[in-house]
Amino acid sequence: FTGWTKLTDEYSGKSLESGNYYLDSDVLIKQSILIKEGTVNICLNGNKLYFNPGPSVIWEVIRLNGGTLNLTDCKGSGQVCHHEHSPYGCGVAVDSTFNLYGGIICNNTAYADGSADAYGGGVYIGANSTFNMYGGKISNNQAYVGGTGQGLGGGVFCNNGTFNLLAGEITENDVKTSGNSERVCGVGVYNAGSFNMSGGTISKNSISSTLSASQYGGGVCNDNGTFTMSGGEISGNSISTWGSGFVAGPQG
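Keep in mind it's a predicted model, so treat the numbers as computed, not measured.

What counts as what
- Residues numbered from 1 in each chain as written.
- Predicted model: local features only at pLDDT ≥ 70, side-chain atom pairs only at ≥ 80, totals over all residues.
- Heavy atoms only, no water.
- Helix = DSSP H or I, 4+ residues; strand = E, 2+ residues; numbered from the N terminus.
- Rg over C-alpha atoms; globule rule 2.2 N^0.38 Å.
- Buried < 20%, exposed > 50% of the residue type's maximum accessible area, 1.4 Å probe, protein only.
- Contact = heavy atoms within 4.5 Å.
- Areas by Shrake-Rupley, 256 points an atom, 1.4 Å probe, with all protein chains shown as cover.
- Lys, Arg positive; Asp, Glu negative; His and termini not counted.
- Charge placed at Lys NZ, Arg CZ, Asp CG, Glu CD.
- Salt bridge = Lys/Arg side-chain N within 4 Å of Asp/Glu carboxyl O.
- Pairing = 2+ DSSP bridges.
- Axes fitted to C-alpha atoms, helices over the stretch in contact; angles between N-to-C directions.
- Polar contact = N/O pair within 3.5 Å; in protein donor to acceptor, adjacent residues only side chain to side chain.
- Phe/Tyr/Trp six-rings, centres within 6.5 Å; stacked < 30°, edge-to-face > 60°.
- Lys NZ or Arg CZ within 6 Å of the ring centre and 35° of its normal.

## Digging into the overall build of the chain
Assigned secondary structure in the chain consists of zero helices and 31 strands. Here the C-alpha radius of gyration of the chain, 17 Å, is about what a compact globule of 252 residues would show, namely 18 Å. Along the three orthogonal principal directions, the C-alpha set of the chain runs to about 55 × 40 × 30 Å. For the chain, the proportion of its 252 residues judged to be buried stands at 53%. The contacts in the chain between residues at least 6 apart in sequence include a share of 74% that link residues at least 24 apart. Carbon and sulfur atoms make up 42% of the accessible area of the chain, which amounts to about 9800 Å² in all. Of the side chains in the chain, 11 bear a positive and 18 a negative charge, and the two mean positions are spaced by 4 Å.

Shown next as structure tokens:
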């Protein structure tokens, strides 16, 4: 990593300048890592970038408010996750461009109570933003609704942005309800933008819900979005009602 900067907990809550960063051990942060401009390259190097702001705070591990993030992992076991004592908040929130080449985005939970919606446990793609997945894994993330709102996208939520899935795995994510949720949709991927799938797998995603109905899309829910599939595989997803693999919306 000659010429690269070591990423430590000193960057917690700070904006990363353009450049190359790597982890040489697990890094526990108490505020989100921010990216506002330029190009930032992060190699997890087999380590965890994990978040513990406290039990009452809901924050993402990494937030992109501009610029481009290229995330990779040269050893295959690196993670972007929440600490077990601070479970709430998505892995990566994208309001610009995010390229995932390697690493695992896991153990993150988008949570909402009252009438609010929970969306994007692993990756949240905002309007006019782009997420290109060239590899890596999005696994064991959750959208958890404790009230009457909707649970959308345990793995990936695309809100009028663009998601290009070229390789990698979206697997074993969950949408969970403990209240009287309006509906739960798109456990692997919820798309209300543009979703182009040319490779990769979406598998083994499932819903943990008290609802007997209003469940849509164990693998993918395409809700007033555009979905184009030219490769890859959607299989082995589980849901109680409509579309264990794929369902096209709108649903309601």
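## Points about the pattern of salt bridges
For the structure shown, the criterion picks out four salt bridges. When the shortest N-O distance is used, the salt bridge between R183 and D223 registers 2.9 Å. With R183 in strand β24 (residues 183-185) and D223 in the loop between β29 (220-222) and β30 (226-235), this pair connects stretches of sequence that are 40 residues apart. Connected via shared salt-bridge partners are E60, R63 and D95.

## Points about the sheet that holds strand β18 (residues 142-145)
Pairing in this open sheet of four strands is parallel, and the strands run β13-β18-β23-β27 from one edge to the other. This sheet does not close on itself; its edge strands, each paired only once, are β13 (109-112) and β27 (206-208). Across the sheet, the mean angle from the axis of one strand to that of its neighbour is 15 degrees, orientation sign disregarded.

## Considering the side chain of H82
One can find H82 in strand β9 (residues 79-82). Within the structure, H82 has its side chain in polar contact with the backbone oxygen of G89 (distance 3.4 Å). What H82 contacts, discounting residues up to four positions off in sequence, is F51, W59, E60, V61, P87, Y88, G89, C90, C106, N107 and N108.

## Thoughts on the sheet that holds β24
Spatially, the four strands line up as an open sheet ordered β14-β19-β24-β28, and their pairing is parallel. Looking at which strands have only one partner, the edges of the open sheet turn out to be β14 (118-119) and β28 (215-216). In this sheet, β24 lies alongside strand β19 (residues 150-152) in parallel orientation, the contact comprising three bridges. Bridging across to β24, L152 finds its partner in C185.

## So, the packing of aromatic side chains
Enumeration over the complete set of coordinates arrives at 15 aromatic pairs. With a centroid separation of 6.3 Å and an interplanar angle of 25 degrees, the aromatic rings of F51 and W59 are classed as stacked. Seen from their ring centres, F98 and F131 are 4.9 Å apart, and the 10 degrees between their planes marks the pair as stacked. Remark: F131 occurs in strand β16 (residues 130-133) and F98 occurs in strand β11 (residues 97-100); sequence separation between them is 33 residues. Each member of the pair, F98 together with F131, is buried. An aromatic cluster of three or more residues is present, and its members are F98, F131, F163, F195 and F227. A cation over an aromatic ring shows up here: K176 above the ring of Y144, its NZ or CZ 4.8 Å from the ring centre.

## Let's talk about the pairing of strand β23 (residues 174-177)
When β18 meets β23, the two strands line up parallel, connected through four bridges. Within the sheet, the bridge partner assigned to A143 lies in β23 and is V175. Summarising the sheet, β23 and β27 pair through three bridges and their orientation is parallel. Bridging from a neighbouring strand, V175 pairs with I207 of β27.

## Examining the environment of D73
By the element assignment, D73 lies in the loop between β8 (68-72) and β9. Relative accessible area serves as the criterion here: at 9%, D73 is assigned to the buried category. Between the C-alpha atoms of D73 and A93, which are 20 residues apart in sequence, the distance is 19 Å. In contact with D73, not counting residues within four places along its chain, are C43, L44, N45, G46, G78, G102 and G103. Reaching out from D73, the side chain makes a polar contact with the backbone nitrogen of G46 at a distance of 2.6 Å.

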